[in-house]
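Overview (structure and organization)
This is what each chain is made of:
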Amino acid sequence: MMKNLALWIYFLVSATVAVAQKAAPEITIDEAKDHIGEKVTICAEIKETFFNSKAKGEPTMLNFGDVYPKQTFSCLIWKDDLKNFNYNPVTYLKRKQVCVTGTIKMYKGKPEMELHAQDQIFE
């Protein structure tokens with residue numbers, strides 16, 4: 001009985017998280033520059049992934065629209081946040097069509113979003 005209750009709670013929480021993610025307005029990668037400071041959902045194909053071991057914080061980069069430096073939009077996952085993923089984003093997400101939810105920031109003239117946990121990305 002407790003096992004069934006725990007399973008029911010797990011599915012309820014998972015569904016709630018998915019609905020909460022979808023609640024953010026959905027925009028395109030081209031519109032990201034017009035939504036700085038806003039929590040949004042963006043769905044597009046990841047064109048390039050890479051782990052930058054030489055940069056401070058050792059980010060994993062997910063580039064949308066084109067490869068660096070011509071990307072339209074990027075997501076970054078700091079090395080310290082990789083523990084919140086049950087897969088390697090560099091290999092698993094390359095060339096996948098995904099949706100990401102988070103707050104848009106501008107970095108060196110390009111819009112980007114930090115991803116701190118796997119539940120910010122859904123396929």
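Here is a short report on the structure shown in this document. Everything numeric in this text was worked out from a predicted model, so none of it was measured.

Here we come to the state of the cysteines. For the coordinates displayed, the defined rule picks out one disulfide. The residue that forms a disulfide with Cys-43 is Cys-99, at a sulfur-sulfur distance of 1.9 Å. With the S-S dihedral at roughly 110°, the linkage between Cys-43 and Cys-99 falls on the right-handed side. Remark: Cys-99 occurs in strand 5 (residues 97–107) and Cys-43 occurs in strand 2 (residues 39–51); sequence separation between them is 56 residues. Of the residues examined, Cys-43 reaches a relative accessible area of 22% and is grouped as partly exposed.

This brings us to the nonpolar core. Counting residues in hydrophobic clusters, the biggest one holds 21 residues, and the most contacted among them are Ile-42, Leu-62, Phe-64, Phe-73, Val-100 and Ile-121. Mapped by element, the contributors of at least two residues to this core are strand 2, strand 3 (60–64), strand 4 (73–77) and strand 5. Broken down by element, this core gets its largest block of residues, four residues, from strand 2. Those residues within four positions of Phe-73 in sequence are excluded, and the remaining contacts are Ile-29, Ala-32, Ile-42, Leu-62, Asn-63, Phe-64, Val-100, Ile-104, Pro-111, Glu-112 and Met-113.

Further remarks concern the packing of aromatic side chains. According to the stated counting rule, one finds three aromatic pairs in the structure shown. Summarising the aromatic geometry, the rings of Phe-85 and Tyr-87 are spaced 5.9 Å apart at their centres and angled 75° between planes, so their arrangement reads as edge-to-face. Judged by its relative accessible area of 7%, Phe-85 falls in the buried class. By way of ring pairs, the aromatic residues Phe-85, Tyr-87 and Tyr-92 are connected into one cluster. Residue placement shows Lys-96 over the ring face of Tyr-92; its charged tip is 3.6 Å from the ring centre.

What the rule picks out here adds up to six salt bridges. One salt bridge connects Asp-34 with Lys-33, and the closest N-O pair in it is separated by 3.9 Å. On the accessibility criterion, Asp-34 (53% relative accessible area) is exposed. With a closest N to O distance of 3.4 Å, Glu-45 and Lys-47 form a salt bridge. Judged by relative accessible area, which is 25%, Glu-45 ranks as partly exposed. What makes Lys-47 partly exposed here is its relative accessible area of 27%. Each of the salt bridges in this network shares a partner with another, and the network as a whole consists of Glu-45, Lys-47 and Arg-95.

The omega angle of the peptide bond from Tyr-68 to Pro-69 is 5°, so this bond is cis rather than trans. Residue placement: Pro-69 occurs in the loop between strand 3 and strand 4. Located in the positive-phi region is Glu-58, a residue other than glycine, with phi close to 45°. By the element assignment, Glu-58 lies in the loop between strand 2 and strand 3. Backbone geometry places Lys-108, a non-glycine residue, at a positive phi of 50°.

What counts, and where the lines are drawn
- Residues numbered from 1 in each chain as written.
- Predicted model: local features only at pLDDT ≥ 70, side-chain atom pairs only at ≥ 80, totals over all residues.
- Heavy atoms only, no water.
- Disulfide = S-S within 2.5 Å.
- Helix = DSSP H or I, 4+ residues; strand = E, 2+ residues; numbered from the N terminus.
- Buried < 20%, exposed > 50% of the residue type's maximum accessible area, 1.4 Å probe, protein only.
- Core = buried A, V, L, I, M, F, W, Y, C linked by side-chain atoms within 4.5 Å.
- Contact = heavy atoms within 4.5 Å.
- Phe/Tyr/Trp six-rings, centres within 6.5 Å; stacked < 30°, edge-to-face > 60°.
- Lys NZ or Arg CZ within 6 Å of the ring centre and 35° of its normal.
- Salt bridge = Lys/Arg side-chain N within 4 Å of Asp/Glu carboxyl O.

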